[in-house]
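Each chain, letter by letter, is given below.
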Amino acid sequence: MKRRVVEILVATFVAMTLIYGIVVVATIYPRFAEIEHAAAEQAMRRVLLAIETATDEIDVLVNDWSSWNGTYDFAAARSETDIAANLVDETFVGARLALIAYLDPDRRLVWGCGWDRDSGTTVALPDFENPESPVVRVLTEFSEIPGRITGIIDSPLGYLLVVARPVLTGTDGGPAHGTMVMGRRFDETAIGALGARLQQEIGVLDPSAAPVALPDKGEIAVRVADNGNTMNAFAGLYDLFGMPFAVLEVALPRNVTMAGRTALVVTLIAVVGLAGAVLIVVIGAIDRLVTRPLSRLSETILELIDSSGHLEDLPVARRDELGVVARAVREMHHAILEIAHRDSLTGLPNRMSFYERADHMLSAAQRRGSRVALLLIELEGFRAVNDAHGHQAGDMLLRDIARRLSVTVRESDVVARLGGDEFVVLGEGFPGGTEELARMGHKILEAFEQAIDIGGARVRIGGSVGASLYPDDAPDLDRLLGCADRAMHAARRRGGSCFVRFGPECADVPVGNGSAEPRW
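The model shown is predicted, which means the values in this text are computed figures rather than measured ones. (Residues numbered from 1 in each chain as written. Predicted model: local features only at pLDDT ≥ 70, side-chain atom pairs only at ≥ 80, totals over all residues. Heavy atoms only, no water.)

Concerning the packing of helix α12 (residues 382–389) against helix α13 (residues 391–408)
Taken N-terminus to C-terminus, the directions of α12 and α13 make an angle of 140 degrees; their axes are 7 Å apart at the nearest point. What the angle tells us is that α12 and α13 run oblique. Contact residues: α12 offers Phe382, Val385, Asn386 and His389, while α13 offers His391, Ala393, Gly394, Leu397 and Leu398. A breakdown of the residues in the contact of α12 with α13 according to their chemical character gives five nonpolar, four polar and no charged. (Axes fitted to C-alpha atoms, helices over the stretch in contact; angles between N-to-C directions. Helix = DSSP H or I, 4+ residues; strand = E, 2+ residues; numbered from the N terminus. Parallel < 35°, antiparallel > 145°, perpendicular 65-115°, else oblique. Contact = heavy atoms within 4.5 Å. Nonpolar A, V, L, I, M, F, W, Y, C, P; charged D, E, K, R; others polar.)

Shown next, in the form of structure tokens:
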């Protein structure tokens with residue numbers, strides 16, 4: 001009888017182990033790969049977005065120059081005085097440009113040259129000296145005026161990221177007096193600097209050596225590396241004529257799969273450990289100690305995957321192996337949620353987390369009949385710090401600003417980073433309305449007054465603070481944000497480094513980024 005009981009218990013355990021393994025392999029394990037696939041694709045999209053941002057930076061310069069009356073006159077009648085005053089070596093160095101070219105309406109070169117940063121000398125660009133060259137023809141064929149043409153060209157300096165705009169008057173009037181082209185080097189050094197800013201190593205591959213089929217322009221291919229340790233994303237780089245010349249690669253470690261694999265191994269260890277105890281107890285004890293807890297754990301894990309489960313269903317209070325597994329799953333779940341809701345640079349709540357907290361705070365304020373203050377903060381001078389000291393210094397500055405804001409406001413207030421150099425503070429209370437709101441706004445401005453140490457250099461930056469109150473200014477979060485945004489831009493119009501409370505004078509202020517500085 002005892003032998004038969006042991007055989008039944010062993011057979012039951014084997015069957016349960018097989019069932020559990022099938023459930024894990026069929027439902028849970030593939031989700032880990034899906035999460036990593038999405039993370040790798042998102043990392044590559046950040047790289048592509050950074051390239052678009054770099055293009056927009058050049059476009060800001062081209063737009064400023066091409067719509068300047070002085071440029072309009074220069075394109076019509078070349079002036080040696082203007083060349084001596086504006087088109088000097090310092091212009092290339094200061095704007096990090098490798099190419100400046102003026103073309104007249106007949107595509108002839110009025111003035112232009114390249115800048116070799118390695119030798120510190122100018123070089124000729126044969127493609128721009130020939131009005132019939134394919135490069136010149138493509139860069140001067142505007143579909144609309146004003147408009148722009150962007151792309152990557154091959155030159156004696158290597159690959160350049162270029163932007164072309166028609167030369168118009170200061171009011172974007174015509175007729176166009178030709179075309180202005182500016183460009184920056186887009187070689188492996190530039191891509192490496194882009195990766196350093198994104199804190200992501202970027203590989204540059206020859207299209208013929210890429211381990212995947214060449215993705216179409218704007219498309220991303222994702223695959224597991226041959227060694228199985230990383231999830232790699234690939235995107236093609238295409239030149240001005242739509243021809244591929246390189247493939248970008250980013251690799252992310254398979255942390256989710258490793259954590260999931262660990263959790264699954266712990267689960268199997270727990271099951272095996274329980275088997276020894278199961279062999280000396282009755283079938284009723286098996287049902288109470290193994291079958292039901294394992295079933296609940298499995299069901300909860302599956303429910304967590306489709307976001308309908310509750311962590312309280314996990315048996316985390318148990319002191320046996322199942323408790324270890326449950327706590328490991330809970331910690332893994334919390335870690336994933338933390339990554340999704342925290343800004344990786346500053347540790348503050350990110351945009352998604354801010355919206356969730358704001359919805360809860362506004363709902364609570366509505367029930368209690370209290371006010372909620374929203375203060376939108378945009379840094380001033382952040383781009384200058386980046387340009388002068390590098391992006392790592394900019395990251396140090398953002399972390400210091402996040403720390404200062406966190407200690408300046410009340411413990412109950414929410415401080416979040418919306419992206420780039422934009423922060424937001426959300427707080428409930430404010431029975432005094434505008435007066436209390438102004439005090440908080442000025443406390444925030446005071447936090448910017450002390451110089452910041454960024455790797456041995458001390459810098460000072462300012463901030464524009466725009467504020468709005470719920471329900472005084474708006475009945476919901478989106479409109480409350482819009483009011484604060486208008487107030488913040490009103491503060492920028494006043495010269496910056498000031499606080500503005502939303503009011504009638506802000507109603508006509510446009511919403512959005514009205515400055516030439518990019519949002520990082």
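Some remarks on the confidence of the model for the protein chain
As a note on interpretation, predicted positions should not be read in detail where pLDDT is low. Within the protein chain, residue pLDDT values average 84, and 86% of them lie at 70 or more. Mean pLDDT across the elements of the protein chain bottoms out in helix α9 (residues 283–305) (63) and peaks in helix α6 (residues 134–139) (95). (pLDDT = per-residue confidence, 0-100.)

Examining the sheet that holds strand β12 (residues 414–419)
On the basis of which strands lie adjacent, the open sheet formed by five strands has the order β12-β13-β11-β16-β17 and mixed pairing. Here the strands that pair on one side only, and so sit at the sheet edges, are β12 and β17 (499–501). Within the sheet, the average angular offset between the axes of one strand and its neighbour, ignoring direction, is 20 degrees. Pairing geometry for strand β11 (residues 371–380) and strand β16 (residues 462–470), over nine bridges, is antiparallel. Among the inter-strand pairings, Leu375 is bridged to a residue of β16, identified as Ala467. (Pairing = 2+ DSSP bridges.)

Remarks on the pattern of salt bridges
Side-chain pairs of opposite charge can arise where the charged atoms are in close proximity. A complete count under the given rule lists 29 salt bridges for this structure. Here Arg45 ties to Glu41 by a salt bridge, and the two come within 3.0 Å at their closest N and O atoms. Taken as a pair, Arg45 and Glu41 lie in helix α1 (residues 2–66) at a separation of four residues, close to a single helical turn. Residue Arg45 is classed as partly exposed on the basis of its relative accessible area of 36%. The exposure class of Glu41 is partly exposed, given its relative accessible area of 24%. Two residues, Arg96 and Glu57, come together in a salt bridge whose shortest N-O distance is 3.5 Å. Highlighted residues: Arg96 in the loop between α4 (89–94) and β1 (99–103) and Glu57 in helix α1, separated in sequence by 39 residues. One network of salt bridges, with partners in common, ties together Asp116, Arg117, Asp118, Arg185 and Asp187. (Salt bridge = Lys/Arg side-chain N within 4 Å of Asp/Glu carboxyl O. Buried < 20%, exposed > 50% of the residue type's maximum accessible area, 1.4 Å probe, protein only.)

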